[in-house]
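Remarks on the overall topology
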Amino acid sequence: MEFLDHLSLGFSIALSPVNLLFVTLGVVVGTLIGALPGIGPVAGIAILLPLVFGMNPISAMILMCGIYYGCMYGGTITSVLMNVPGESSTIMTCVDGYAMARKGRAGPALTISAIGSFVAGTFSVVMLTLLAPPIAEAALSFGPPEYFALMVLGLTAVSGLTGSSTAKGYAMAFIGLALAMVGLDPMTADPRFNFQNLELMDGVGFLPIAVGLFGIGTVLGMIDETLHMEVMKTTLREMIITKKDLKDSAMPIARGTIIGFVIGVLPGAGATIASFLAYATEKRLSKTPELFGTGIIAGVAAPESANNASTGGAMIPLLTLGIPGSGTTAVMLGALTLFSLQPGPLLFTKNPDFVWGLIASMYIGNVMLLVLNTAFVPAFVAVLRVPYTVLAPLIAIFCVVGVYSVNYSVLDLWLMLGFGLIGYLANKLDYPLAPLVLALVLGGPLEVAMRQSLKMSQTDPSIFFVRPVSGVIMAIVIAVMLWPLVRRYFIKTAPIIPAAEA
Amino acid sequence: MHKAEVVAGALVLAFGASVLAGALQFPFLLEGVPGPGFLPLLISFGILSSGVVLITGSIRGTIKTENPRWAALAGWRRVGLMLASMTAAFLLLELLGFLIVTTLFMGVMIFCLGVRSWRVLATVPVLSAIALYAVFAVWLRVPLPKGIITFIG
């Protein structure tokens, strides 16, 4: 029952007035960001990153996590009421959610989404509570070869399995790694690729690149096409669900929760894939598959549970191994390293207050989101009526002042603008951004682990394959790398996973 | 052949070539163990290989964007305007100060994006600048450039 002691420590931290305020702020802002079409959790966290610098790391992470899982709830509102996915993980919710809204059942669709999200979110946090400590303990025995193998797996999975083209994913990952090489060599302190610029001696800033790619890139994407959005109305009274709705949703919620959690733990997969799989599974298991797409409540409950369950799952590799499996968790890892905190197994022993405070806050946040997304939906809908003509420049100037506020550097602003343009064009051409950010964050530690390993083996690369743990991981890496060829030649109907996966 | 895809692949290839040129300036091995040029060299090979695959795939038509949504001319104009306005804002930030630059940026942008209500045009830019100044300069104590408005404490 050691975890109960850990949890009680966590709740004592998470229930402090300051942290409660940040949980509330995180879930409200997350729901708003999720509800706004075009801005997903990764862009939302990247844009707001500069704001968290003055805070202590626990409060900052509580806020960012609140935004992360709040986004999953918020995305539903736009999917159901407007048939526009708030972010990529709610695409499947549009299908039956909007069909329900057209039948005058928007309220039950939103309520069951909130209930499913709450059940799934809470389940994934319980699993995080139970599984994270033993995984962290096992990872304590890992040496540089195992860490190198894990980082390569994370990068390979995110590059090779997301987006429409594997080559584009790998190209972005290699570009991210190249950017991570700028600055002082980690072993010899030789300056590399800094073009004699003193500011670049510290490396290319993570913040201007993340805010540029996701923040400015999103703003440019928002204004290049005129969105005509019609929001369906819903009132508090219409949110009430029937016993039949609950009965019809119980098993889809349970199955979606398990699928979402398992997919969330895997590197490279994430909320979007989880919701697609959960929807497909429900349709396959249903006695009336022909009703899917016509406004069936199981078609809303399953994907919504899955995308929320994936968030807790995604926190497991991030917190226990320090390996993010998606763009959003990569941005969170980048933020943590800026606080001089290194996620990984030692985090659980060195900073238990941080880890358990964060986990406890996720329990609280999920309860808050259940209330917010049933009782306050009309308030969030009102925000959707803010015109993009005002919102886009406001987000742009927020990015500018946010990036400037960290180093007071005009060079950072130019970097942000340049990467904003790159992010915009990359989105247009389906070049996934997550591998670039992940590689930028992991590039430094990956180089150190690789060079330490090769020093141990006197430059013999077989060290990565002969040690049991790193050997197994490298075998998975090879399998992931070969997967596109298998898919092309043996599985003709493999689905394309959306590039917007975050 | 998809022109935009080929151009993107060529840019990847060019970036890889520049990383290769930079990597060759550092020792690959140092006293028998990997040196500062070791990983950059491997990375440059990775970028160059990806670039070659992207270009050949684009020419053959095997690599193409699913449902490309390129903006219409008006959309490109708005994107160009945003980039130009941000460039101007960065150049004028130190000279005019945060409050004036933000007010001007917001005013110009929302007008050019189609807002014609004088009430909105008169209030939103000023209120946005004040709100952001309150959050960053007052709450977070960020020394935002004051420019010509030096009387603000």
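Preceding this paragraph is the structure being described.
Given the structure is predicted, the values throughout are model-derived calculations rather than measurements.

The helix and strand tally for chain A stands at 21 helices and two strands. Over its C-alpha atoms chain A spans a radius of gyration of 22 Å, differing by no more than 12% from the 23 Å that the globule rule assigns to 502 residues. Seen through its C-alpha atoms, chain A measures out along the principal axes to roughly 70 × 55 × 50 Å. Within the span of chain A, comprising 502 residues, buried residues form 62% of the whole. Contacts spanning at least 24 positions in sequence make up 80% of the contacts within chain A whose residues lie at least 6 apart.

All names here are of chain A. Along the chain, tyrosine 69 falls in helix H4 (residues 57-82). Judged by relative accessible area, tyrosine 69 falls into the buried class, the value being 1%. Residues tyrosine 69 and methionine 362 lie 293 residues apart in sequence; the distance between their C-alpha atoms is 8.6 Å. Ignoring any residue separated from it by four or fewer positions in sequence, one finds tyrosine 69 in contact with Val23, Val27, Asn308, Thr311, Ser361, Met362, Gly365, Asn366 and Leu369. Within polar-contact distance, the side chain of tyrosine 69 engages the backbone oxygen of serine 361 at 3.3 Å.

This paragraph deals with helix H4 (residues 98-112) of chain B. End to end, H4 of chain B covers 21 Å across 15 residues, agreeing with the expected 21 Å (1.5 Å per residue, within 8%). The inward-facing, buried residues of H4 of chain B abut helix H17 (388-407) of chain A together with helix H3 (73-96) and helix H5 (118-139) of chain B. Trailing H4 of chain B by a residue or two, glycine 114 of chain B shows a phi angle of about 120°, which is positive.

Attention shifts here to the interface of chain A and chain B. Taken together, the 59 residues of chain A in the interface contact 64 residues of chain B. Carbon and sulfur atoms make up 81% of the surface buried where chain A meets chain B, a total of about 5,300 Å² over both sides. Seen at the junction of chain A and chain B, the total is one salt bridge. For lysine 168 of chain A, the salt bridge goes to glutamate 5 of chain B, with nearest N and O atoms at 3.1 Å. Remark: the boundary between chain A and chain B carries five residue pairs in polar contact (both at pLDDT 80 or more). Those elements that provide at least two residues to the side of chain A that touches chain B are helix H8 (166-180), strand S2 (191-192), helix H9 (206-223), H17, helix H18 (410-428) and helix H19 (434-456) of chain A.

In this section: the pattern of salt bridges. Residue and element names in this part refer to chain A. Within the structure shown, the criterion is met by 10 salt bridges over all chains. The shortest N-O distance in the salt bridge between arginine 192 and glutamate 447 comes to 2.8 Å. Of the two residues, arginine 192 is situated in strand S2 and glutamate 447 in helix H19; the sequence distance between them amounts to 255 residues. We note that arginine 192, like glutamate 447, is buried. Linking glutamate 447 and arginine 451 is a salt bridge whose minimum nitrogen-to-oxygen distance equals 2.9 Å. One end of the pair is glutamate 447 and the other is arginine 451, both in helix H19 and four residues apart, which spans about a single turn.

Criteria and thresholds
- As a convention, each chain's residues are numbered from 1 in the sequence order in which they are written.
- All chains are assigned letters beginning with A, and all ligands numbers beginning with 1, in the order in which they are written.
- Predicted model: local features are reported for residues with pLDDT of at least 70 only, side-chain atom pairs are reported and counted for 80 or more only, and whole-chain, interface and lining totals are derived from all residues.
- Note: side-chain values were computed over all heavy atoms of the structure, leaving out hydrogens and water.
- Only DSSP runs of H or I reaching four residues or more are called helices, and only runs of E reaching two or more are called strands; each is numbered from the N terminus.
- Note that the radius of gyration is over C-alpha atoms, with the globule rule given as 2.2 Å times the number of residues to the power 0.38.
- Burial classification: accessible surface area is computed with a 1.4 Å probe over protein chains only, and a residue below 20% of its type maximum counts as buried, one above 50% as exposed, and the rest as partly exposed.
- Pairs of residues are marked as contacts when any of their non-hydrogen atoms sit within 4.5 Å.
- As used in this structure description, the phrase polar contact means that two N or O atoms lie within 3.5 Å; if the pair is within protein, one of them must be able to donate a hydrogen and the other to accept it, and residues adjacent in sequence are counted only when both atoms belong to side chains.
- Residue count minus one, scaled by 1.5 Å, sets the expected span of a helix.
- In this description, buried area is defined as the sum, over both parts, of the accessible area (probe of 1.4 Å) that is lost when the two are combined.
- Counted as salt bridges are all cases of a side-chain nitrogen of Lys or Arg within 4 Å of a carboxyl oxygen of Asp or Glu.

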